[in-house]
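Per-entry structural report
If you want the building blocks of each chain, they are given just below.
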Amino acid sequence: MEKNGRIFVAGHRGLVGSAICRELERQGFTNLVLRTHTELDLTDRAAVLDFFHKEKPEYVFLAAAKVGGILANDTYPADFIRENLEIQTSVIDASYRSGVRRLLFLASSCIYPKLAPQPIKEEYLLTGPLEPTNRAYALAKIAGIEMCWSYNRQFGTQYLAAMPTNLYGPGDNFDSNGSHVLPALMRKVFEAKRSGEKKLVVWGTGRPRREFLYSDDLAEACVHLLNLPQSRYESLLTQNEAPLINIGTGEDLSIRELAELVARVLDVDCELVFDTSRKDGTPQKLLDVSRIHALGWRAKVNLEDGIRRTFASARSRLELAAQ
């Protein structure tokens, strides 16, 4: 990508989009095209197409999405599949019609089968049933991957899909009803510390294993991918397989171990109590990251340091919410 190339970051205020903006600016990319939801509703196809024709972005990071944890996905499946299908259809089609040179579609590791072999390779997509609690969201994201692949095959576009593992970092969602497991645990531990509570209730059995990636590491990986030399970039866009690539750390831990780590980082001495009436979700989701390692990128921020950084960035918000 040229340093002055016009780059549209869709969803620039979210966890992923804001990190991508920080990384682009850190690397000297100065011509970012940004719009808030109020300025541009990405579910409005006509408005999105008009925006692309007027602004003519050359590169697109499609980080806008409706996201949430197990409870949110299980409670509002219609919202998750509808909004995500509308957003990605609008942006991908408008990118083609306005001549975007490269596009990176951000999906999720939940696209893979619930019982996929571990670690999960990119070719395991569509080889088994999905996890029921987030199937609607996963199907929307799978449709986005297929859309990128279809436009590449039919129209010669160069659209790539990235599969991040579980993300966390500055700007994360700490809402008690809609957050993912790591920010949810951080909030619970923080509130236990404030109140002096000695028991910490953790949803599920604590046995499922998860991999976590700091948002700034993901952003660096995304910029690395869209900035690859043409020959290496084109090697990811073959006709006979979906154009997707995993992004993760290649390491995981159990939810029990995660809760213990959060408590240690936040310096809280408490007993873990597991609410087994709550759903566990997928038993394990560890990504095979050999493909992106071969392209010259590796995660830098370890989980303990990432939790410490994330908590520091969110402390004032958590204190306000606890009042």
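Since this is a predicted model, take the numbers as computed values, not measurements.

Now for the sheet that holds strand β8 (residues 209-210). If you walk across this open sheet you meet the three strands as β11-β8-β13, and the pairing is mixed. Strands at the two margins of the open sheet, each flanked by one partner only, are β11 (253-254) and β13 (284-285). Of the strand pairs in this sheet, β8 and β11 are connected by two bridges, and their pairing is antiparallel. If you follow Arg209 over to β11, its bridge partner there is Ser254.

It is worth spelling out the nonpolar core at this point. Counting 80 residues, the largest nonpolar core has Leu24, Phe61 and Leu225 as its most contacted members. Looking at this core element by element, the count peaks at eight residues for helix α5 (residues 135-155). In contact with Leu24, other than residues within four places in its own chain, are Met1, Ile7, Val9, Phe29, Leu32, Phe61 and Val223. Residues Leu200, Val202, Ala259 and Ile307 belong to the second largest nonpolar core, which totals 30 residues.

Turning our eyes to something else, we now look at the environment of Gly144. Along the chain, the position of Gly144 falls in helix α5. You can call Gly144 buried: its relative accessible area is 0%. Spatially, the C-alpha atoms of Gly144 and Ala107 are 7.8 Å apart, while their sequence positions differ by 37 residues. The contacts of Gly144, once residues within four sequence positions are left out, are Gln88, Ile92 and Phe105.

To continue, consider the packing of helix α1 (residues 15-26) against helix α7 (residues 215-226). For the pair α1 and α7, the least separation of the axes is 8 Å and the interaxial angle reads 60°. Looking at the two axes, α1 sits oblique to α7. Handedness of the crossing formed by α1 with α7: right-handed. The residues of α7 that touch α1, namely those facing Leu15, Val16, Ala19, Ile20, Arg22, Glu23, Leu24 and Arg26, are Ser215, Asp216, Leu218, Ala219, Glu220, Cys222 and Val223.

Definitions and cut-offs
- Counting starts from 1 at the beginning of each chain's written sequence and moves along it residue by residue.
- In keeping with the predicted nature of the model, local features appear solely for residues at pLDDT of at least 70, side-chain atom pairs appear and are counted solely at 80 or more, and the whole-chain, interface and lining totals rest on all residues.
- The basis for the side-chain values is all heavy atoms of the structure; hydrogens and waters are excluded.
- Two strands qualify as a pair provided DSSP detects at least 2 bridges between them.
- The secondary structure listing takes helices from DSSP runs of H or I that are at least 4 residues long and strands from runs of E that are at least 2 residues long, numbered from the N terminus.
- What we call a nonpolar core is a set of buried Ala, Val, Leu, Ile, Met, Phe, Trp, Tyr and Cys residues that are connected through their side-chain atoms within 4.5 Å.
- Throughout, exposure labels follow a simple rule: accessible area from a 1.4 Å probe, protein chains only, divided by the maximum for the residue type, with under 20% read as buried, over 50% as exposed, and the rest as partly exposed.
- Contacts between residues were defined by any pair of non-hydrogen atoms, one from each residue, lying within 4.5 Å.
- To get an axis, a line is fitted to the C-alpha atoms, and for a helix only the part in contact is used. The angle between two axes follows their N-to-C directions and goes from 0 to 180 degrees.
- Roughly parallel means an angle under 35 degrees; roughly antiparallel means over 145; roughly perpendicular covers 65 to 115; every other angle is labelled oblique.
- Handedness of a helix crossing follows the sense of rotation of the near helix relative to the far helix, less than a right angle counterclockwise being left-handed and clockwise being right-handed.

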